[in-house]
Amino acid sequence: MGSQDKFQYALKSNDAWANYKGHQNPTFFPNLAKGQSPSILWLGCSDSRVPETTLLGLQPGDIFTHRNIANILSPTDLNFLSVLEYAVLHLKVSHIVLCGHTSCGGCAGALSNGRIGGVLDAWLTPLKAVRMANDKELAEIKDDGKRTRRLAELNVERGVEVLMSNYVVEEAIKERGLKVHGVLYDIACGKINDLGYGNCGIDGKLSKKIGGSDGAGEEEIVKGNHGMLVFQDDGASMTVR
């Protein structure tokens, strides 16, 4: 399938998905159009294998997102800081989740002794600094995959430190109990591991109710019409049953 064919396939899949969601719950898209009130700010990697809404089993509107190569959080990155400030001050999210992942190309690049080229070398500088600060520990790990995983964990730890020292985050923690989590997604099994970084510790609960307020006992059950998405070589379609 050529690149243009893949794009057309994606458009057909979107059309089928939109029809499916609208048929299953006619109020789904009209409610989304009224505004957003996510409870989670997700800070992750741009890697195509780590799509936050999919791997968490959630829906559009549940997560506010910022992603970049190797999920690097720099205290001088205005892109990251603007997302953080909007999510905490205006959307008033209850949780910030910084997620690294295994098999990270950015971590592999930071562990290499050669140049990648272009702007990527500059972008990975903070990650290389994390490597240098933990060079002795990393050098003792002989397996490449395990060494890359460990750097990914250390990168999350450093990113959480950046978050916890941010004034907006500090104030939200004091005033309304904002929770910060550092986690690692294992691509090989699809599971998220809580690393215990942040202010919640191991297995700090992400939310009592994902995608809304953290009201105890609140739960939304959507009952709607039944439909089925069918994916074929020439695109996707919806069938009603």
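1. Quick notes on the overall build of the chain
And step 1. For the chain, the count of helices and strands is ten helices and seven strands.
And step 2. Every one of the 241 residues in the chain was classed for burial, and the buried ones make up 38%.
And step 3. Long-range pairs, those at least 24 residues apart, make up 62% of the contacts in the chain between residues at least 6 apart in sequence.
And step 4. Here the chain has roughly 13500 Å² of accessible surface; of this, 52% comes from carbon and sulfur atoms.

2. Points about the sheet that holds strand β1 (residues 40–45)
And step 1. Spatially, the five strands line up as an open sheet ordered β2-β1-β3-β4-β5, and their pairing is mixed. Unpaired on one side and paired on the other, β2 (63–68) and β5 (191–198) mark the two borders of the sheet. Here the average twist between neighbouring strands, direction ignored, is 25°.
And step 2. By the bridge criterion, six bridges tie strand β4 (residues 179–186) to β5 in an arrangement that is antiparallel. Bridge assignment links Val183 to a residue of β5, and that residue is Asp194.
And step 3. Strand contacts of helix α9 (residues 144–164): β1, β3 (95–101), β4 and β5, with the helix running at about 165° to β4, the strand carrying the most contacts.

3. Structural notes on the packing of helix α4 (residues 78–90) against helix α10 (residues 167–176)
And step 1. α10 packs onto α4 with a crossing angle of 15° between their chain directions and a minimal axis gap of 10 Å. On the basis of the axis angle, α4 is roughly parallel to α10. Taken as a pair, α4 and α10 cross one another with a handedness that is left-handed. Residues Leu84, Glu85, Val88 and Leu89 of α4 form the contact with α10, whose participating residues are Val168, Val169, Ala172 and Arg176.

4. Brief notes about the pairing of β3
On a regular strand, each side chain points to the face opposite its neighbour's, so the side chains alternate between the two faces of the sheet.
And step 1. β3 sits mainly inside the fold: seven of its seven residues count as buried.
And step 2. With burial as the criterion, each face of β3 is covered, one bearing His95, Val97, Cys99 and His101 and the other bearing Ile96, Leu98 and Gly100.
And step 3. Across four bridges, β1 lies against β3 in parallel orientation. Note on β3: the bridge partner recorded for Ile40 is His95.
And step 4. Across seven bridges, the pairing between β3 and β4 is parallel. Its bridge partner being in β4, Val97 is matched across the sheet by His181.

5. A few points about the nonpolar core
And step 1. If you look at the biggest cluster of nonpolar residues, it comprises 38 residues, and the most contacted ones within it are Leu41, Leu43, Leu84, Ile96, Leu127, Leu151 and Leu163.
And step 2. Counting nine residues, the second-largest nonpolar core is a separate cluster that includes Ile40, Val50, Cys99 and Tyr185.

6. Quick word on the packing of helix α7 (residues 125–133) against α9
And step 1. Where α7 contacts α9, the axes come no closer than 10 Å and their chain directions differ by 110°. It follows that α7 is roughly perpendicular to α9 by the angle criterion. Residues Leu127, Val130 and Arg131 of α7 touch α9, and the partners they reach there are Leu151, Leu154, Asn155 and Arg158.

The rules behind the values
- Residues numbered from 1 in each chain as written.
- Predicted model: local features only at pLDDT ≥ 70, side-chain atom pairs only at ≥ 80, totals over all residues.
- Heavy atoms only, no water.
- Helix = DSSP H or I, 4+ residues; strand = E, 2+ residues; numbered from the N terminus.
- Buried < 20%, exposed > 50% of the residue type's maximum accessible area, 1.4 Å probe, protein only.
- Contact = heavy atoms within 4.5 Å.
- Areas by Shrake-Rupley, 256 points an atom, 1.4 Å probe, with all protein chains shown as cover.
- Pairing = 2+ DSSP bridges.
- Axes fitted to C-alpha atoms, helices over the stretch in contact; angles between N-to-C directions.
- Parallel < 35°, antiparallel > 145°, perpendicular 65-115°, else oblique.
- Left-handed = near helix turned anticlockwise from the far one by under 90°.
- Core = buried A, V, L, I, M, F, W, Y, C linked by side-chain atoms within 4.5 Å.

Purely geometric stuff here, so don't read any function into it on its own.
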